[in-house]
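Below are the chains, spelled out letter by letter.
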Amino acid sequence: MSRMKRFCKQIFARGTNWFLALLTISLVLTACSPTEQTPTQYVVDDLGRLVAINGTPQRIVSLAPSNTEILFAMGLGDKVVGVTDYCDYPPEALEKEKVGGFYPPDIEKIIALEPDLILATDIHRFEIIPTLEEQGFTVFALAPQTLDDVLESIQKVGKVTGKEEEATELVNEMQSKIEEIKELTQGLEERPRVFYVTWHDPIWTIGRNTWIDDLIWIAGGNNTFSQYFESGAMVEIEWVLFCNPEVIIASAWPSVYEWAMNETALNATAARQNNRVFACDDNLVKRPSPRLVKGLEWFAHFIQPDIFEEPED
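**Q** For this particular structure, what's the right way to read the overall build of the protein?
**A** From N to C terminus, the protein includes 13 helices and 13 strands. Burial statistics for the protein: of 313 residues in total, 48% are counted as buried. Counted over contacts in the protein with a minimum sequence separation of 6, partners at least 24 positions apart contribute 56%. When the accessible area of the protein is evaluated, it comes to approximately 16,600 Å², of which 50% is carbon and sulfur surface.

As C-alpha cells, then:
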C-alpha cells in the first residue's frame, strides 16, 4: 500500500468529517506535486545562435569582466558562482570562485561549478563554447560592437536571467546619461580630431562601428581614424602625424601613456603642442558594460572641457 493510501485510510479511520478530510488531502497533494517548471524560452545571442534557456538560471558563470559587471549591476551577484581572474568589479566579484583567465578559461573548474548558464563572448566562439555545449551546458554569448549593441546585450542578459525589468531600468539609466551629454554636443559646429591609443608598440587605435568611436562622437569629438577603417587597427606614426590629432586619449597602461606623452614625433601634433594628451581608465571604456557611461563622461571632459567638468569618482 502506498504512503498516500495509508495516509488517507488513517484520516477516514479517525472519523474525520468529509470536508476536512478532502481539504487535508488536497493540501498534501498540492505540497507534494512537482513545482511548475518555467517554460523553455529560445533567445538569439550576439553570435546569432538560438539558445534554449530552461527555467531561470540559479548558478551563473561569467567568462568576461564586462559580463560580470552586467550581472552584478542587475542584482544577480548572488547567482554568480564563477568568474575569471580579471573580473575585479564590483569588489564583490573578487570573492567569487575563479575559473581561470579570460582565454582560455579552466574548463574543469567550470564543470565542477555545475552552472545552469554560462555567459561567454566572441573570443570563445570556436573552441570554448562548443566544448562546454558538448558537456551539456547552456552557453549564451555577448559580442557587442557599438554602443547600441551594448545596450541591447544588457537587455538580452535580462531576458535569459529573468531580470527583464531590472535590465530595462539599467538601460534607461544609461540612455538618460548618454542623451544628457548628446544634447550638449550634437549641435557643435567644430569637433576636435581625437586619436585614441590602445597600444603603442606597434601603434593600435580604433575605427568606426565601435562603442569607443560612438563615445568619442557623443562626447563632442571626431575619431581621427573613423573614416579609414572599422574596428581596431595598427597604424604607422606617419599616419598619425598626417591626421594631426588635436586630442590624444591613451590607455591608462603606464607604458602607453608615457609613449603618448614622450614620443618625440608626436611633438608635431596639435594635441601635444596644446597639452591635450590624457589617460583614461581602460576598464571604463574597453569593457562593454554599464560603466561605459562613466567613460563617456571622462571622454566628454577631455574633449570638451569648456562644456563638461571633471567627473566625480
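Having seen the structure, we can now continue with the description.
**Q** Could you clarify how one ought to interpret the packing of helix α7 (residues 164–185) against helix α13 (residues 292–303) in this entry?
**A** When two helices pack together, their arrangement is given by the angle between their axes and by how far apart the axes lie. Interaxial distance between α7 and α13 falls to 10 Å at its minimum, and their mutual angle equals 10°. Between α7 and α13, the crossing angle belongs to the class labelled roughly parallel. Remark: the crossing between α7 and α13 carries left-handed chirality. Touching M174, K177, I178 and I181 of α7 are V293, L296, E297 and A300, all from α13. Split by residue class, the contact of α7 with α13 holds six nonpolar, no polar and two charged.

**Q** Explain the confidence of the model for the protein to me, please; I cannot follow it from the model alone.
**A** A low pLDDT means the predicted coordinates there should not be read in detail. When pLDDT is averaged along the protein, the result is 90, and 88% of the positions lie at 70 or above. In the model, residues 1–36 has pLDDT below 50 throughout and makes 14 contacts with residues more than four positions away in sequence or in other chains.

**Q** Teacher, can you tell me more about the sheet that holds strand β4 (residues 80–83) here?
**A** What links the strands of a sheet is backbone hydrogen bonding, and the strands pair in either a parallel or an antiparallel sense. An order of β5-β4-β3-β6-β7 is seen for the five strands of this open sheet, with the pairing classed as parallel. Because the sheet does not close on itself, it has two edges, and the strands there are β5 (97–98) and β7 (139–142). Across the sheet, helix α6 (residues 147–161) lies against β3 (60–62), β6 (117–121) and β7, angled at about 165° from β7, the strand it touches most.

**Q** Which parts of the structure should I look at to understand the packing of aromatic side chains?
**A** What characterises a pair of aromatic rings is the spacing of the ring centres plus the angle enclosed by the ring planes. The full count for this structure, using the stated rule, is nine aromatic pairs. When the centroid spacing of 5.9 Å and the interplanar angle of 55° are considered together, the rings of Y196 and F299 count as tilted. On the criterion of sequence distance, the pair formed by Y196 in strand β8 (residues 193–200) and F299 in helix α13 is long-range, its members being 103 residues apart. The class for Y196 is buried, based on a relative accessible area of 0%. On the accessibility criterion, F299 (0% relative accessible area) is buried. Between W298 and F302 the ring centres are 5.7 Å apart and the planes differ by 40°, which places this aromatic pair in the tilted class. Pair noted here: W298 and F302 are both in helix α13, with a separation of four residues, about one helical turn. No difference in accessibility class separates W298 from F302, as the two residues are buried. Put simply, the rings of F195, F225, Y228, F229 and W239 touch in pairs and so form one group of aromatic residues. The ring of W217 carries R191 above its face, with NZ or CZ at 3.6 Å from the centroid. Across the ring face of Y89, the terminal group of R291 is positioned such that the distance to the ring centre comes to 3.7 Å.

**Q** Looking at this model, I keep getting lost on unusual backbone geometry. Mind explaining?
**A** What is expected of a backbone is that most residues other than glycine have negative phi and most peptide bonds are trans. Of note, the amide linkage connecting Y89 to P90 takes the cis form, showing an omega dihedral of -5°. Examined against the element boundaries, P90 turns out to sit in the loop between β4 and β5. Cis geometry is found at the peptide bond from Y103 to P104, where omega equals -5°. Within the secondary structure, P104 sits in the loop between β5 and α4 (107–113). Of note, the phi angle at E114 is positive, near 50°, even though the residue is not glycine.

**Q** Where do I start with the pairing of β7 in this structure?
**A** Consecutive side chains along a regular strand alternate between the two faces of the sheet. Going residue by residue along β7, you find V139 and A141 tucked away on one face and F140 and L142 tucked away on the opposite face as well. Here β6 pairs with β7 via four bridges, running parallel. Across the sheet, I118 pairs through a bridge with V139, a residue of β7. Regarding topology, helix α5 (residues 128–134) serves as the crossover connection from β6 to the parallel β7, and that connection is right-handed.

**Q** Can you help me understand the nonpolar core in this one?
**A** Counting residues in hydrophobic clusters, the biggest one holds 52 residues, and the most contacted among them are M74, F140, I154, Y196, L215, I249 and F299. The dominant element in this core, judged by the number of residues it contributes, is α13, at eight residues. Setting aside chain neighbours within four positions, we find I249 in contact with V194, F195, Y196, V197, F278, C280, F299, F302 and I303. The next biggest cluster of nonpolar side chains, apart from the first, holds 18 residues, and it includes A233, W259, L266 and A271.

**Q** Mind showing me how you'd approach the environment of D313 here?
**A** Inspection of the secondary structure assignment puts D313 in the segment after α13. Counting along the chain gives 19 residues from D313 to K294, while the straight-line C-alpha distance between them is 8.8 Å.

**Q** Explain α6 here, please?
**A** Residues separated by three or four positions in an α-helix point in the same direction, a consequence of the helix having 3.6 residues per turn. Taking 1.5 Å of rise per residue, the 15 residues of α6 would be expected to cover 21 Å, and the 22 Å separating its terminal C-alpha atoms lies within 8% of that figure. Those residues of α6 that fall on the buried side of the exposure criterion are L147, V150, L151, S153, I154, K156, V157, G158, V160 and T161. Backbone geometry just after α6 places G162 at a positive phi near 75°.

Reading guide: rules and limits
Residues numbered from 1 in each chain as written. Predicted model: local features only at pLDDT ≥ 70, side-chain atom pairs only at ≥ 80, totals over all residues. Heavy atoms only, no water. Helix = DSSP H or I, 4+ residues; strand = E, 2+ residues; numbered from the N terminus. Buried < 20%, exposed > 50% of the residue type's maximum accessible area, 1.4 Å probe, protein only. Contact = heavy atoms within 4.5 Å. Areas by Shrake-Rupley, 256 points an atom, 1.4 Å probe, with all protein chains shown as cover. Axes fitted to C-alpha atoms, helices over the stretch in contact; angles between N-to-C directions. Parallel < 35°, antiparallel > 145°, perpendicular 65-115°, else oblique. Left-handed = near helix turned anticlockwise from the far one by under 90°. Nonpolar A, V, L, I, M, F, W, Y, C, P; charged D, E, K, R; others polar. pLDDT = per-residue confidence, 0-100. Pairing = 2+ DSSP bridges. Phe/Tyr/Trp six-rings, centres within 6.5 Å; stacked < 30°, edge-to-face > 60°. Lys NZ or Arg CZ within 6 Å of the ring centre and 35° of its normal. Right-handed = clockwise from strand over helix to strand, strands pointing away. Core = buried A, V, L, I, M, F, W, Y, C linked by side-chain atoms within 4.5 Å. Expected span 1.5 Å × (residues − 1).

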